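In case you want the letters, here they are:
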Amino acid sequence: MPYRICKSFEIENGHMLSKHPDQCKFPHGHTRKVEFVLQADSLDENEMVCDFKILKEAMKDYLDSLDHAMCMNTDDPKYDDFKQAFEDRVIGFTKQDPTTEVIAKAIFDVTSARLEEYLGKADTKYPLRTSVKLLSVRLGETSSSWAEYSPDE
C-alpha cells in the first residue's frame, strides 16, 4: 500500500454564487481549511513521502492571494464594480460560480503546476521525487462541509 501524507492550511475566503437561488448569492465568507493529499509508493532517504515544507514553499503566495479575497463569477452583474473597488482582492472565475468544488479544482490545478515547476528546480533544500503524486485537494467550507477534487485516472 502506498504512503500518503496530508498538509493543511487555513485561509479566510469569501465568495458569491450568482446562480444560487437563496442567500449564497450574496457576499459571504468562510474560514477554509485547504488540505493537500500526496502519495508515494516508497519513502525517500529521510523516510518521508516528501517534506511538508515543499507545499508551503510552492503554494504560499497562491494561498495568500485567496486569503481575504472575494471569489466571483465574471458573469455576475456586480463583478466589474467589485473588481474596480477591491482590485486584486477579487478573484474572477470565468463564466462559472466559484463554488467550493470549483475553487478546490482551481487549487488542485495550480498545485499540480507548482509541484511540476518545483521538480525542475536545481539545488533545492527539500528534494521532491518524480514518484510523488498529488492525489487530491480538499477544501472546507464550514465545520461540517467540504468539497474535494481528485482527477480521474
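Residues numbered from 1 in each chain as written. Predicted model: local features only at pLDDT ≥ 70, side-chain atom pairs only at ≥ 80, totals over all residues. Heavy atoms only, no water.

Draft legend 1. Structural view of the overall build of the protein chain. Helices and strands together make up the secondary structure of the protein chain, namely three helices and six strands. Here the protein chain holds 153 residues, and the buried ones make up 40% of them. Nonlocal contacts in the protein chain, meaning residues at least 24 apart in sequence, comprise 65% of its contacts between residues at least 6 apart. For the protein chain, the exposed surface amounts to about 9100 Å²; the carbon and sulfur share of it is 50%. Looking at the protein chain, you have 20 positive and 29 negative side-chain charges, and the mean spots of the two groups are 1 Å apart. (Helix = DSSP H or I, 4+ residues; strand = E, 2+ residues; numbered from the N terminus. Buried < 20%, exposed > 50% of the residue type's maximum accessible area, 1.4 Å probe, protein only. Contact = heavy atoms within 4.5 Å. Areas by Shrake-Rupley, 256 points an atom, 1.4 Å probe, with all protein chains shown as cover. Lys, Arg positive; Asp, Glu negative; His and termini not counted. Charge placed at Lys NZ, Arg CZ, Asp CG, Glu CD.)

Draft legend 2. Just the packing of aromatic side chains, in detail. Evaluated as defined, the whole model comprises three aromatic pairs. Relative to phenylalanine 36, the ring of phenylalanine 9 lies with its centre 5.8 Å away and its plane at 80°, an arrangement referred to as edge-to-face. One end of the pair, phenylalanine 9, is in strand β1 (residues 3-15); the other, phenylalanine 36, is in strand β2 (residues 28-40), and 27 residues separate them in sequence. You can call phenylalanine 36 buried: its relative accessible area is 0%. Here phenylalanine 108 and tyrosine 149 contribute two aromatic rings whose centre-to-centre distance is 5.2 Å and whose plane-to-plane angle is 70°, an arrangement assigned as edge-to-face. Within this pair, whereas phenylalanine 108 is found in helix α3 (residues 100-119), its partner tyrosine 149 is found in strand β6 (residues 145-149), the two being separated by 41 residues in sequence. When the ring centre of phenylalanine 9 is taken as origin, the NZ or CZ atom of lysine 7, which lies over that ring, is 5.3 Å away. Above the face of the tryptophan 146 ring, arginine 138 is positioned so that its terminal group lies 3.5 Å from the ring centre. (Phe/Tyr/Trp six-rings, centres within 6.5 Å; stacked < 30°, edge-to-face > 60°. Lys NZ or Arg CZ within 6 Å of the ring centre and 35° of its normal.)

Draft legend 3. Inspection of the pairing of strand β3 (residues 69-73) at higher detail. Among the five residues in β3, five count as buried, and that is most of the element. Across the two faces of β3 the burial is the same, with Ala69, Cys71 and Asn73 and Met70 and Met72 all buried.

Draft legend 4. Here's a closer look at the nonpolar core. Formed by 34 residues in total, the largest nonpolar core has its most connected members in Val34, Phe36, Leu38, Ile107 and Leu115. Counting residues per element, the ones that place at least two in this core are β1, β2, α1 (53-66), β3, β4 (90-93), α3 and β5 (133-142). With eight residues, α3 is the largest single contributor of residues to this core. For leucine 115, the residues in contact, after removing those within four places along its chain, are Leu38, Ile54, Leu55, Ala58, Leu128 and Leu134. Grouped together as the second largest cluster of nonpolar side chains are six residues, Met16, Met72, Tyr79 and Val90 included. (Core = buried A, V, L, I, M, F, W, Y, C linked by side-chain atoms within 4.5 Å.)

Draft legend 5. Representation of the pairing of β2 in the model. Looking at chain direction, β1 and β2 are connected through 13 bridges and run antiparallel. Looking at β2, one finds that isoleucine 5 is bridged to leucine 38. When β2 meets β5, the two strands line up antiparallel, connected through six bridges. Counted as the bridge partner of glutamine 39 is lysine 133 from β5. (Pairing = 2+ DSSP bridges.)

Draft legend 6. View of unusual backbone geometry. Positioned with a positive phi, glutamate 87 is a non-glycine residue whose angle comes to about 50°. Mapping glutamate 87 onto the fold places it in the loop between α2 (79-86) and β4. Assessed through its relative accessible area of 55%, glutamate 87 is described here as exposed. Although it is not a glycine, lysine 95 sits at a positive phi angle of roughly 55°. Mapped onto the secondary structure, lysine 95 falls in the loop between β4 and α3. On the basis of relative accessibility, which here comes to 56%, the residue lysine 95 falls in the exposed class.

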